[in-house]
Amino acid sequence: MPRVPAVAAASPPDEDREAATPLVASSSSPSSPSGSASQAIDWTAVAALFAAPALGGALFGYDIGATSGALVSLKSAVHSGVPWASSLSPLQSGAVVSASLAGALAGSAAAFTLGDKIGRKGELAAAGVLYSAGALSTGGASSLPLLLLGRAAYGLGIGLAMHAAPAYIAETAPATVRGLLISLKEGFIVGGILAGFVASAALVDGDGGWRVIWGTAALPGFLLAAGAFLATPESPRWLLLAGKGKAAAREALRKARGRGCPDAASLEAELEEMASSSGGGGAGEGASAAADAPPSLSDLVSVPRFRRPLLLGLGLVVAQQITGQPSVLYYAPDVFASAGFAAGSQAASVAVGLGLFKLVATGVAVATVDRVGRRPLLIGGVATMSGALAVLAAAQKAATGAGAAAVAATAASSSPPPLASWVAVAALLTYVGAYQVSFGPITWLLVGEIFPLRARGRAAALATLTNFGANAAVSLALPPLQAFAGPSATYALFSVIAAASAVLIADNVPETKGKTLEEIEAVFSSAASPSVGRREE
């Protein structure tokens, strides 16, 4: 990861943290010269900005939580209702599961060229259409090809939504609540996973349950498309980037701020700061000429002010995937079973319980990220992940040493489980909680913040594509790694990777709390020397 100078934002005065009214709260940061971060917060306007990205995230999470149960229902000879499904081969079953991931990869690739053309609002609306169409096609599929087509269409929606959501929130939200909102979007993803678990548990044993489980997403997908198109304000920064003129951007900014809109002079100062970043600072009120074109791929990797944040963003999304989250969750049922939870009858309860725990942990990040900052949560969380993985590795090794027969005998008897089993459960929960206050929300918060406006659409598309690509690579590599090394050694490896990630993060990730996007962009633009990467004390 490239080193960049971090910006230490001063803590806002106590009186500025108090709500002025139930809907409009005062918030300020003395570090912002434009005054964009020193304004009232209209929470009704903020909710209007947040609704579409949040729903897009929830629908992504729903697919994660619902798919395993839907696949069980689909393959059931009793409940499926279609003759071809019960005889699906392992390869075909894998294709059903991974078709949405393939669509997400394609959607992320499409966002590289389309994102800056149709805008963040347009991407969210298109994602809603694809979610709805994919859910209807999957739920009504009469053959495997139609089912795969629907799953891929839903995945395309995931790719567009996950690309647009952090960029849209970052570009429209007031600086002092930007972290809260992007982190809260992660909470909606976890909430969607929970909803998928619940839907699967309720419908998996019903006739044609898979149709209802997958088809249920059609209505919220339609609501996302309609809400994004009709009620979601456009990003003022994208309007400037697209050459739509200051008048359109000013009106969008006014809608985004709502009743918290600052006075005319402060609004113009914020608009001018945005315009200078977009390259459209000289555009007149009715300007329609496009601003500077988005950078090419070669520009992104060769121009220092683009390359530094790009490498940082890509490094974060890769580290998020290779620090053990898929493996830990894969083995979670075994860890809980060793502590006395029945692997079969209580598997759904364990999954829902883990989901609720993840949601609570994400709430900690949401509540603290704009007060504590990004760096402390990210560094502390990843370091805690490393320690928890080391403990989990040791506990699993101790449990394995006791012998599978002894563990099974303990589970079958009324005697309490061995101490190592409870240590493993505690370590697993610690790991999950630490992930949800660090890599889970903070990675996508930084991806939404650190890219320059001109490069944000394409750089964020590369980050999203890298995320889904790394997810696929880890999913492919994990089974042979686990078969070769076993869970204990796998956890130990991920502990080392997490420790190295924490060191690299401490050395390279700047603090962006309370800063406008233009101030963050200036940090990377001024990072001429790699020796100035440590956080300013």
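Here the structure is a predicted model, which is why all the values come from computation and not from measurement. (Residues numbered from 1 in each chain as written. Predicted model: local features only at pLDDT ≥ 70, side-chain atom pairs only at ≥ 80, totals over all residues. Heavy atoms only, no water.)

Draft legend 1. The overall build of the chain, seen in detail. The number of helices and strands found in the chain is 19 helices and two strands. The 537 residues of the chain split such that 54% are buried. Across the chain, contacts joining residues at least 24 apart in sequence account for 83% of those joining residues at least 6 apart. Within the structure as shown, the chain displays about 20,000 Å² of accessible surface, and the carbon and sulfur contribution to it stands at 69%. (Helix = DSSP H or I, 4+ residues; strand = E, 2+ residues; numbered from the N terminus. Buried < 20%, exposed > 50% of the residue type's maximum accessible area, 1.4 Å probe, protein only. Contact = heavy atoms within 4.5 Å. Areas by Shrake-Rupley, 256 points an atom, 1.4 Å probe, with all protein chains shown as cover.)

Draft legend 2. Structural context of the environment of Ala135. Looking at the element boundaries, Ala135 is found in helix H2 (residues 90–139). Ala135 sits 15 residues away from Gly150 along the chain, and the two C-alpha atoms are 6.5 Å apart. Apart from residues lying up to four places away in sequence, Ala135 is in contact with Tyr154, Trp214, Gly215, Ala217 and Ala218.

Draft legend 3. Seen up close, the nonpolar core. In terms of nonpolar packing, the biggest core is built from 111 residues, with Leu74, Tyr131, Leu378 and Phe439 touching the most fellow members. Among the elements that take part in this core, helix H18 (residues 453–508) stands out by supplying 14 residues, more than any other. Residue contacts for Tyr131: discarding those within four places in its chain leaves Gly56, Leu59, Phe60, Tyr154, Gly157, Ile158, Ala161, Gly221 and Leu224. Formed by ten residues, the second largest nonpolar core is a distinct cluster that contains Leu239, Leu253, Leu267 and Ala275. (Core = buried A, V, L, I, M, F, W, Y, C linked by side-chain atoms within 4.5 Å.)

Draft legend 4. Broad picture of helix H1 (residues 43–75). Given a rise of 1.5 Å per residue, 33 residues ought to cover 48 Å, and the 46 Å separating the end C-alpha atoms of H1 matches this to within 8%. Most pronounced at Ala66, the bend in H1 amounts to some 40°. Capping of H1 at its N-terminal end is provided by Asp42; its side-chain oxygen lies 3.0 Å from the backbone amide nitrogen of Thr44. (Expected span 1.5 Å × (residues − 1). Bend = angle between axes of the 7 residues up to and from the residue. Polar contact = N/O pair within 3.5 Å; in protein donor to acceptor, adjacent residues only side chain to side chain.)

Draft legend 5. Here's a closer look at the pattern of salt bridges. Overall, the coordinates contain 13 salt bridges when judged by the stated rule. Here Arg120 and Asp116 are joined by a salt bridge, their closest N and O atoms 3.0 Å apart. Taken together, the residues Arg120 and Asp116, both in helix H2 and four residues apart, mark about one turn of the helix. The exposure class of Asp116 is buried, given its relative accessible area of 12%. Taken together, the shared-partner salt bridges connect Asp116, Arg120, Glu171 and Arg456 into one network. (Salt bridge = Lys/Arg side-chain N within 4 Å of Asp/Glu carboxyl O.)

Draft legend 6. Region of interest: the packing of aromatic side chains. Scanning all chains against the criterion turns up four aromatic pairs. Relative to Tyr154, the ring of Tyr131 has its centre 4.8 Å away and its plane inclined at 55°; by these criteria the two rings are tilted. Here Tyr131 is found in helix H2, whereas its partner Tyr154 is found in helix H3 (residues 144–172), with 23 residues between them in sequence. Just as Tyr131 is buried, Tyr154 falls in that class too. Geometrically, the ring pair formed by Trp210 and Trp214 is edge-to-face, given 6.3 Å between the ring centres and 75° between the ring planes. Here Trp210 and its partner Trp214 are both found in helix H5 (residues 209–215), four residues apart, which amounts to about one turn of the helix. (Phe/Tyr/Trp six-rings, centres within 6.5 Å; stacked < 30°, edge-to-face > 60°.)

Draft legend 7. Region of the structure containing the side chain of Lys358. Tracing the backbone shows Lys358 in helix H13 (residues 347–372). Glu186 provides the closest opposite charge to the buried, unpaired Lys358, separated from it by 6.0 Å. Sequence-distant contacts of Lys358, that is, excluding residues within four places in its chain, are made with Val190, Gln325, Val432 and Gln436. (Lys, Arg positive; Asp, Glu negative; His and termini not counted.)

Draft legend 8. A look at the packing of H2 against H18. It is the contact of H2 with H18, at a shortest axis distance of 9 Å, that shows an interaxial angle of 175°. The orientation of H2 relative to H18 falls into the category roughly antiparallel. Of the residues that constitute the contact of H2 with H18, the class distribution is twelve nonpolar, five polar and five charged. (Axes fitted to C-alpha atoms, helices over the stretch in contact; angles between N-to-C directions. Parallel < 35°, antiparallel > 145°, perpendicular 65-115°, else oblique. Nonpolar A, V, L, I, M, F, W, Y, C, P; charged D, E, K, R; others polar.)

Draft legend 9. Structural view of the packing of H1 against H3. Where H1 contacts H3, the two axes come as close as 8 Å, and the packing angle between them is 150°. Comparing the axis directions of H1 and H3 gives the class roughly antiparallel. The two elements H1 and H3 cross, and the hand of that crossing is left-handed. Across the interface between the two elements, Leu49, Phe50, Pro53, Gly56, Gly57, Leu59, Phe60, Tyr62, Asp63, Thr67 and Leu74 of H1 pack against Leu147, Arg151, Tyr154, Ile158, Ala161, Met162, Ala165, Tyr168, Ile169 and Thr172 of H3. Its residues assigned to classes, the contact of H1 with H3 shows 15 nonpolar, four polar and two charged. (Left-handed = near helix turned anticlockwise from the far one by under 90°.)

Draft legend 10. Structural detail: the side chain of Ser132. With respect to the secondary-structure elements, Ser132 resides in helix H2. Residue classification places Ser132 among the buried positions, given a relative accessible area of 13%. Beyond its immediate chain neighbours, meaning those up to four positions away, Ser132 contacts Ala218, Gly221 and Phe222.

Draft legend 11. Highlighting helix H19 (residues 517–525). For H19, the tally of buried residues reaches seven of nine residues, placing the bulk of the element in the interior. For H19, every residue scored as buried is listed here: Leu517, Glu518, Glu519, Ile520, Glu521, Val523 and Phe524.

Draft legend 12. Highlighting a nonpolar patch on the surface. Together, Leu219, Phe222 and Leu223 give the surface a local cluster of nonpolar side chains, amounting to about 330 Å² of exposed area. Considering the arrangement of structural elements, one finds Phe222 in helix H6 (residues 218–230). (Patch = residues over 30% accessible without salt bridge, like charges linked within 9 Å, V, L, I, M, F, W, Y side chains within 5 Å.)

Draft legend 13. Quick look at the environment of Gly56. Turning to its location among the elements, Gly56 is positioned in helix H1. Accessibility expressed as a relative area gives 0% for Gly56, which makes it buried. Spatially, the C-alpha atom of Gly56 lies 8.4 Å from that of Ile189, the residues being 133 residues apart in sequence.

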